[in-house]
Number of protein chains: 4
Amino acid sequence: MIISLKKHTPEIEKQKLITDLENQDFQITIIEGVHMTLLALTGDTIKVDDKRILANPWVIEVRRMDVPYKLVSRYVHPEDTIIEVGDVKIGAGQPLVIIGGPCSVEGDEMMCRLAQDVKDAGGKMMRGGAYKPRTSPYAFQGMQTEGIQCMVHAKELTGMPIVSELMSIDKIDEFVKNVDVIQVGARNMQNFELLKALGKVNKPILLKRGMANTIEEWLMSAEYIMANGNPNVILCERGIRTFETLTRNTLDVSVIPIIKERTHLPIIIDPSHATGDWKLVEAMSLAAVAAGCDGLMIEVHDQPECAWSDGSQSLKPEKFKTLVEKVKKVAEVLGRSI
Amino acid sequence: MIISLKKHTPEIEKQKLITDLENQDFQITIIEGVHMTLLALTGDTIKVDDKRILANPWVIEVRRMDVPYKLVSRYVHPEDTIIEVGDVKIGAGQPLVIIGGPCSVEGDEMMCRLAQDVKDAGGKMMRGGAYKPRTSPYAFQGMQTEGIQCMVHAKELTGMPIVSELMSIDKIDEFVKNVDVIQVGARNMQNFELLKALGKVNKPILLKRGMANTIEEWLMSAEYIMANGNPNVILCERGIRTFETLTRNTLDVSVIPIIKERTHLPIIIDPSHATGDWKLVEAMSLAAVAAGCDGLMIEVHDQPECAWSDGSQSLKPEKFKTLVEKVKKVAEVLGRSI
Amino acid sequence: MIISLKKHTPEIEKQKLITDLENQDFQITIIEGVHMTLLALTGDTIKVDDKRILANPWVIEVRRMDVPYKLVSRYVHPEDTIIEVGDVKIGAGQPLVIIGGPCSVEGDEMMCRLAQDVKDAGGKMMRGGAYKPRTSPYAFQGMQTEGIQCMVHAKELTGMPIVSELMSIDKIDEFVKNVDVIQVGARNMQNFELLKALGKVNKPILLKRGMANTIEEWLMSAEYIMANGNPNVILCERGIRTFETLTRNTLDVSVIPIIKERTHLPIIIDPSHATGDWKLVEAMSLAAVAAGCDGLMIEVHDQPECAWSDGSQSLKPEKFKTLVEKVKKVAEVLGRSI
Amino acid sequence: MIISLKKHTPEIEKQKLITDLENQDFQITIIEGVHMTLLALTGDTIKVDDKRILANPWVIEVRRMDVPYKLVSRYVHPEDTIIEVGDVKIGAGQPLVIIGGPCSVEGDEMMCRLAQDVKDAGGKMMRGGAYKPRTSPYAFQGMQTEGIQCMVHAKELTGMPIVSELMSIDKIDEFVKNVDVIQVGARNMQNFELLKALGKVNKPILLKRGMANTIEEWLMSAEYIMANGNPNVILCERGIRTFETLTRNTLDVSVIPIIKERTHLPIIIDPSHATGDWKLVEAMSLAAVAAGCDGLMIEVHDQPECAWSDGSQSLKPEKFKTLVEKVKKVAEVLGRSI
């Protein structure tokens, strides 16, 4: 950590700050620059509150040189983490995992039918929303417990594990009992109470990146889950908010190699929410696989124009099948199976 | 609502869509354009799921011409809403309300001392964080119930109402019992389960804008609270995320006249979180008041360099006092008291 | 084009506006909505100045339903455009074109050596900056005319066509004489005087997207060149500015299918400027190819740590060679050669 | 400048880098951190090419601690710069300068009439666009030389100095001869050839911030003009591009105190382009003045619904007059006249 001080900081103020920091067990190196004095701090700076130092009127800037997370980092855990969900393994070196299913669960028959379609096409897990975060209070809010039960039936039929989004702490027991991977949605990425509670659960967590959150903030949210005791975190990129309006969000494909370099966690991509447009889903899926992701989560619906939510971004089962075939080809040529 | 169809949409497909919409009680006007056919929908379009229509492969685009909210809108409620918090009134035409206090509550004596400072300077309410949303799991997470009790003591001493942030549904009772205005933080602006629960509470809610949320999304979150039964919503702008890095966020001052035009709700500004830098707080406070806000929420701490959080953006009591004096002058010259 | 008027607009004001628009040869359809009146305009709305209509105090909003460009659009020109640069063809259905070379030209020997490396690895054209747009006036500004001559020599040696960036109108003759594809950089994407001048030139133009420009604005800039007489435009995405700071820019891979749907122009991707980090270039190149781009432009340098500019994003020749091999495999499996 | 190296960088590589930097006359301090080694560089680091250092595969990151500009900085020039334009003085401590006029010059009579209106209302300079940067090639491109002449006539009539936008180097002579302040538009903020040319001119330059440029990039563009010999730069903020769509851009009011702290240059605000909506101009003008700007540039038109460009953001003369009166009150109460 580097602290820059105004050039004319009184010696007594400089000493006060240095003593204060040394009392916290940091080593200080003083560097005299042309327009400022730099203090280089070494030690376990992860717990330093940079805002407190910034409050000192002689301080110009505080820059963290080391990463603010530990457990998610490759420094601490150099080997790739593989998450096991029943028979399915997610992570580096494993076959790509394709997750398919509708945005919202709309009933028992529908969920079983689509789960079978997803499985037939080569999918390994099914997704479905039972509790839905909707911008409008007047929009469909999900089938809730009944929706979860529809997914359980589809699992009995197909054997495929279930991914579904949890929106509040009070439903954790229902999810732990019924669901195989608990999804934290983009809007809850910094719902820290929820993250802490999921740190105490013995289930894999699929943590979506918030639509306006930096990679570092995203990793800090993963750190919340891990620091509270649950090491099974799968990261999921689903597009970030930018000035462009032709796509719902901008899929940040470059997170894939960055996550691989900095962390040991698996990363999957959700091209459906990222683009909001089924016509773009195939191209973005292929791009994500070529860039090295560990899986895809794709919305599938057989009657998108009647879907209870997000119809515009859902692929029909036959298009999903074609996509899986192309994904397979690209993965294989880069040395990976699906 | 306007739906644009590809020029060569088969007549049978066009009719199917029109019949479907007419069955939902919308009136349709067909307009033949050069490169596309437009369908203009009138009726109560607020519940239309535009994504479902977009799933139709003949549809190019769907544009909502009317606003997607009702209860927050001036169309439905033309008079300004005034929120009463004890003796304090917040809203158009009322004196400006200045809220001051530390980022985190750090103890009983500290909270009482700062509350008195805020009151002496001309503040009307006090703020303080007892439950803290922190990016890092290793950062101080708040004094919690003990912190709330410190604020209650400060209220007994000064008579000033309390504003504090609620982070999860399970603490609602504690807040309803002890706090005068319940704050929803930026990171929870789209925590829809929390919003629904707060719609059932009989307390004013201070709803912060998410750092990457549009004004429309913000108003939809206010609509959630109101549609669930609680009409007492105060909006609070605290800066949005942009590419600029010299400020923590970019304070969007232009929301003030926009909110005044579109809604009947009070709007207050938090220049402390917006800028992240105490040196900018006074200038941004004066700007917000000149633009017509109904109040300010400002972080005050007597030892910012020892603050348990956000020291860099806290004003010392004497600087806060000077700020209130300047705010008073600007307000008065524009026809408003404080 | 749809104009929404306040519900209580006086009849006389409504008529005045309608008459004014009818006098400009537009057909008007009036639609009475619940909270507003809509006017649907049909005709050649491309030249309508929506800002003028918005100045009318009874108008709430003006929305353009048709695209504001013509010549770049698939509506007007359904077949894919193929740009010929010597023997190289760029566009849909053609082999992928890989362009390589240093950020800045640094001398004759260096340019010839790197051009040969690029060619040996499978590159088809060479890039090199002779005039450099640098954020700092104290940074190296390019070898200028001497740099262009180095590229000419490298072309004599290797036979590969030259791409180089033009920064001002007064050098157009030099570029027309010596260069095969004239690049317009991101910072000049809306330098309209330059675009108009390039519309009068008989050379292919490689038009980079501005780092904060929408796809629509980018296409309007292409329209400038085409409307002034030059149909040979190649679009190039090089990353957009977002809040993320771990990459220099965010490569917007989703532009590839969007450009293919809306226009007939070729699109190439520059992963070097997009990421600013050589470690990310391979993954992003593969992603772009998988998403369907028509070519790549990649910075290559044999001593990046001594490069006169942008060393951090340059690949060494052997890494470039590996990249081309992988790109080839991905392209072929998706039905395209290089 | 701080360079962070991987912890296990071979000693020989570390020494090579250090020797290389010492040969460039920098002093190096080595700091051993937990996960990395830091090299602190002191000396005249302004010319260091951080990208070259980043190309070194052992380097993790390079952070500049000092500012990358000199001439615009308060370090080098502590006193406020006052720019003189005829009798008008712009800068800290001077009366606020209000500039008014139409977006586009539309003729002689119109320009004279509006200039008189602006003067009568209390404006001190007039603005008008003769060369217009338009997104669409089909939009009105300005009256050009004829437009400049209209402004010259309006100046003869009213005595008010002229501000107008220059779009290309070849018109510099026309502007130097006829115009009092040469404006560089947002889209040309990084047209470095134009900036260099304007550095050789003896006229004040009004440099608008690019819509997606950081404050630091903006100051680097000012540095270009000053480093080439022209010290007369006025900065002008006109809104930045964000995800919000209800305003054309987001006016970044916080630049005002930041510019005042870091530089000695005057800063004026253009609320018309920032908001794109005449209804927001007054509130944003008052906000900017309260935050401490040195002037305002406001679009004025007596028939906005017939304006040749940007009608939606133009104030009618009587509204402009009211605005000036309110601005005066706010300025005076904060100790400044207009």
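The structure presented is a predicted model; accordingly, all values stated were derived computationally and were not measured.

S.K.: Which residues make up the overall build of chain A, and what are the values?
M.R.: On a plain count of helices and strands, chain A comes out with 11 helices and 14 strands. In terms of overall dimensions, chain A has C-alpha extents of about 75 × 45 × 40 Å along its principal axes. By the burial criterion, 66% of the 338 residues in chain A qualify as buried. When the accessible surface of chain A is totalled, it reaches about 11200 Å², and 49% of it is carbon and sulfur. Averaged over its 40 positive side-chain charges, chain A has a centre that lies 2 Å from the centre of its 46 negative ones.

S.K.: Tell me what's going on with the pattern of salt bridges, and back it up with residues and numbers.
M.R.: Counted under the stated rule, the structure contains 96 salt bridges over all chains. Between Glu193 of chain D and Lys196 of chain D there is a salt bridge, with the nearest N and O atoms lying 3.3 Å from each other. With Glu193 of chain D and Lys196 of chain D both in helix H6 (residues 192–198) and three residues apart, this pair spans about one turn of that helix. Taking the shortest distance from any N to any O, the salt bridge between Asp252 of chain D and Arg209 of chain D comes out at 3.1 Å. Residue Asp252 of chain D is found in the loop between strand S12 (233–237) and helix H8 (255–262), and its partner Arg209 of chain D is found in the loop between strand S11 (205–208) and helix H7 (215–227); the two are separated by 43 residues along the sequence. Residue classification places Asp252 of chain D among the buried residues on the basis of a relative accessible area of 0%. Because the salt bridges share partners, they merge into one network encompassing Lys7, Glu11, Lys14 and Glu32 of chain A.

S.K.: Which residues make up the interface of chain C and chain B, and what values go with them?
M.R.: If you look at the interface, chain C gives 24 residues, while chain B gives 24 residues. Around 2100 Å² of area is buried between chain C and chain B when both sides are counted, 74% of it from carbon and sulfur atoms. Three residues stand out in chain C for area buried against chain B, namely Arg63, Met65 and Tyr75 of chain C, and they jointly supply 29% of the buried area on that side. Across the contact surface, chain C and chain B share two residue pairs in polar contact (both at pLDDT 80 or more). Going through the elements one at a time, strand S1 (2–6), strand S2 (27–32), strand S3 (36–42) and strand S4 (59–63) of chain C are the ones with two or more residues in the side of chain C that touches chain B. With four residues, the top contributor of residues to the side of chain C that touches chain B is S3 of chain C.

S.K.: Which residues make up the environment of Val48 of chain B, and what are the values?
M.R.: Residues and elements named next belong to chain B. Relative to the helices and strands, Val48 resides in the loop between strand S3 (36–42) and helix H2 (50–54). As for Val48 and Met1, which are separated by 47 residues in sequence, their C-alpha atoms are 9.1 Å apart. Other than its neighbours up to four places away in sequence, Val48 contacts Met1, Phe26, Leu41, Ile53 and Arg64.

S.K.: Give a description of a nonpolar patch on the surface that names residues and reports values.
M.R.: On the surface, Ile60 of chain A together with Leu71, Tyr75 and Val76 of chain D cluster together into a nonpolar patch covering about 320 Å² of accessible area. Structurally, Leu71 of chain D can be placed in the loop between strand S4 (59–63) and strand S5 (83–85). Residue Leu71 of chain D is classed as partly exposed on the basis of its relative accessible area, which comes to 32%.

S.K.: Describe the sheet that holds strand S2 (residues 27–32) of chain A, with residues and values.
M.R.: Residues and elements named next belong to chain A. Strand order in the open sheet made by the four strands is S2-S3-S1-S4, with antiparallel pairing throughout. Among the strands making up the open sheet, the edge pair consists of S2 and strand S4 (59–63). For this sheet, the mean angle separating the axes of adjacent strands, direction not counted, is 20°. Relative to S4, strand S1 (residues 2–6) runs antiparallel, the two being bridged by four bridges. Each bridged residue has a counterpart across the sheet, and for Ser4 the counterpart in S4 is Glu61. Sheet contacts for helix H1 (residues 11–23): S1, S2, strand S3 (36–42) and S4; angle to S2, the most-contacted strand, approximately 150°.

S.K.: For the interface of chain B and chain A, give the residues involved together with the corresponding values.
M.R.: Each partner contributes to the interface: chain B provides 48 residues, whereas chain A provides 49 residues. Roughly 4200 Å² is buried in total at the junction of chain B and chain A, and carbon and sulfur atoms are behind 55% of that figure. The three residues of chain B that bury the most area against chain A are Lys51, Arg52 and Tyr138 of chain B, which together make up 16% of that side's buried surface. Taken together, chain B and chain A are joined by four salt bridges. In this structure, the salt-bridge partner of Asp310 of chain B is Lys51 of chain A, at a minimum N-O distance of 3.5 Å. Counting every contact that joins chain B to chain A gives 22 residue pairs in polar contact (both at pLDDT 80 or more).

S.K.: Explain the sheet that holds strand S1 (residues 2–6) of chain D to me, and be specific about the residues and the numbers.
M.R.: Residues and elements named next belong to chain D. One open sheet holds the four strands; their spatial order is S2-S3-S1-S4, and the pairing between them is antiparallel. The sheet is open, and its two edges are formed by strand S2 (27–32) and S4, each paired on a single side. The sheet shows a mean angle of 20° between the axes of neighbouring strands, direction not considered. Sheet contacts for helix H1 (residues 11–23): S1, S2, strand S3 (36–42) and S4; angle to S2, the most-contacted strand, approximately 150°.

S.K.: I'd love a proper account of the side chain of Asp180 of chain C, names of residues and values included.
M.R.: Residues and elements named next belong to chain C. Summarising the element assignment, Asp180 is placed in the loop between helix H5 (172–178) and strand S10 (181–184). A distance of 2.9 Å separates polar atoms of two side chains, one belonging to Asp180 and the other to Lys155. Here Ile162 takes part through its backbone nitrogen, which lies 2.7 Å from a polar atom of the side chain of Asp180. Aside from chain neighbours lying at most four places away, what touches Asp180 is Val85, Lys155, Pro161, Ile162, Lys203 and Pro204.

S.K.: How would you summarise the relation of the copies chain B and chain A if you had to cite specific residues and measurements?
M.R.: Expressed as a screw operation, the relation of chain B to chain A combines 0.0 Å of axial shift with a rotation of 180°, fitting to an RMSD of 0.0 Å. On this basis, the relationship between the two copies can be described by a two-fold rotation axis. Minimal C-alpha separation from the rotation axis in chain B is found for Ala212 of chain B, amounting to 2.8 Å. Comparing interface residues between copies, 100% of those in chain B also sit at the interface in chain A, which points to an isologous, same-surface contact.

S.K.: An account of the environment of Ser337 of chain D is needed here, citing residue identities and associated values.
M.R.: Residue and element names in this part refer to chain D. With respect to the helices, strands and loops of the structure, Ser337 is situated in the segment after helix H11 (317–333). Here Ser337 falls in the partly exposed class, since its relative accessible area comes to 34%. Separated by 241 residues in the primary sequence, Ser337 and Leu96 have C-alpha atoms spaced 6.4 Å apart. Sequence-distant contacts of Ser337, that is, excluding residues within four places in its chain, are made with Pro95, Leu96, Ala331 and Glu332.

S.K.: I'd like a description of the relation of the copies chain C and chain B, backed by residues and values.
M.R.: Under the fitted operation, chain C is carried onto chain B by 0.0 Å of movement along the axis and a turn of 180°, and the coordinates agree to an RMSD of 0.0 Å. Mapped onto chain B, 100% of the interface residues of chain C are again interface residues, and the two copies thus contact each other with one and the same surface.

S.K.: Kindly report on the side chain of Asp252 of chain D, identifying the contributing residues and their values.
M.R.: In terms of polar contacts, Asp252 of chain D uses its side chain to reach the side chain of Ser254 of chain D, at 2.7 Å. For Asp252 of chain D, the contacting residues outside a window of four places in its chain are Glu244 and Thr250 of chain B together with Arg209, Glu237 and Ile240 of chain D.

S.K.: Can you lay out unusual backbone geometry for me, pointing to particular residues and giving the numbers?
M.R.: For residues besides glycine, phi is generally negative; the peptide bonds are generally trans as well. Residues and elements named next belong to chain B. Its identity is not glycine, yet Gln144 carries a phi of approximately 60°, on the positive side. Relative to the elements of secondary structure, Gln144 occurs in the loop between strand S8 (125–127) and helix H4 (145–158). Note on Gln144: relative accessible area 33%, which makes it partly exposed. Its identity is not glycine, yet Asp310 carries a phi of approximately 55°, on the positive side. Within the secondary structure, Asp310 is located in the loop between strand S14 (295–299) and helix H11 (317–333). Judged by its relative accessible area of 9%, Asp310 is buried.

S.K.: An account of the packing of helix H11 (residues 317–333) of chain A against helix H11 (residues 317–333) of chain C is requested, with residue identities and associated values reported.
M.R.: Describing two packed helices takes the angle between their axes plus the distance from one axis to the other. Following both chains from N to C, one finds H11 of chain A and H11 of chain C inclined at 155°, their axes separated by 9 Å at the closest point. Comparing the axis directions of H11 of chain A and H11 of chain C gives the class roughly antiparallel. Relative to H11 of chain C, the crossing made by H11 of chain A is right-handed. Within the contact between the two elements, H11 of chain A uses Lys329, Val330 and Val333 of chain A and H11 of chain C uses Lys329, Val330 and Val333 of chain C. Considering only residue class, the contact of H11 of chain A with H11 of chain C consists of four nonpolar, no polar and two charged.

S.K.: Hey, could you go over the confidence of the model for chain A for me, with residue numbers and the actual values?
M.R.: Confidence in the prediction of chain A, expressed as mean pLDDT, is 94, and 100% of residues score 70 or more. Reported confidences for the modelled complex are a pTM of 0.94 and an ipTM of 0.94.

S.K.: Before we move on, can you summarise the pairing of strand S12 (residues 233–237) of chain A with the specific residues and values?
M.R.: The side chains of a regular strand alternate between the sheet's two faces. Residues and elements named next belong to chain A. For S12, a buried count of five out of five residues is recorded, marking the element as mostly surrounded by other parts of the structure. Covered by surrounding structure in S12 are Val233, Leu235 and Glu237 together with Ile234 and Cys236, the residues of both alternating faces. Bridging between strand S11 (residues 205–208) and S12 involves four bridges; their strand directions are parallel. Within the sheet, the bridge partner assigned to Leu206 lies in S12 and is Ile234. As paired strands, S12 and strand S13 (residues 267–269) are joined by three bridges and run parallel to one another.

Rules of the game
- Residues numbered from 1 in each chain as written.
- Chains lettered and ligands numbered in written order.
- Predicted model: local features only at pLDDT ≥ 70, side-chain atom pairs only at ≥ 80, totals over all residues.
- Heavy atoms only, no water.
- Helix = DSSP H or I, 4+ residues; strand = E, 2+ residues; numbered from the N terminus.
- Buried < 20%, exposed > 50% of the residue type's maximum accessible area, 1.4 Å probe, protein only.
- Areas by Shrake-Rupley, 256 points an atom, 1.4 Å probe, with all protein chains shown as cover.
- Lys, Arg positive; Asp, Glu negative; His and termini not counted.
- Charge placed at Lys NZ, Arg CZ, Asp CG, Glu CD.
- Salt bridge = Lys/Arg side-chain N within 4 Å of Asp/Glu carboxyl O.
- Contact = heavy atoms within 4.5 Å.
- Buried area = accessible area lost by both parts, 1.4 Å probe.
- Polar contact = N/O pair within 3.5 Å; in protein donor to acceptor, adjacent residues only side chain to side chain.
- Patch = residues over 30% accessible without salt bridge, like charges linked within 9 Å, V, L, I, M, F, W, Y side chains within 5 Å.
- Pairing = 2+ DSSP bridges.
- Axes fitted to C-alpha atoms, helices over the stretch in contact; angles between N-to-C directions.
- Least-squares fit on C-alpha atoms with pLDDT ≥ 70 in both.
- Parallel < 35°, antiparallel > 145°, perpendicular 65-115°, else oblique.
- Left-handed = near helix turned anticlockwise from the far one by under 90°.
- Nonpolar A, V, L, I, M, F, W, Y, C, P; charged D, E, K, R; others polar.
- pLDDT = per-residue confidence, 0-100.

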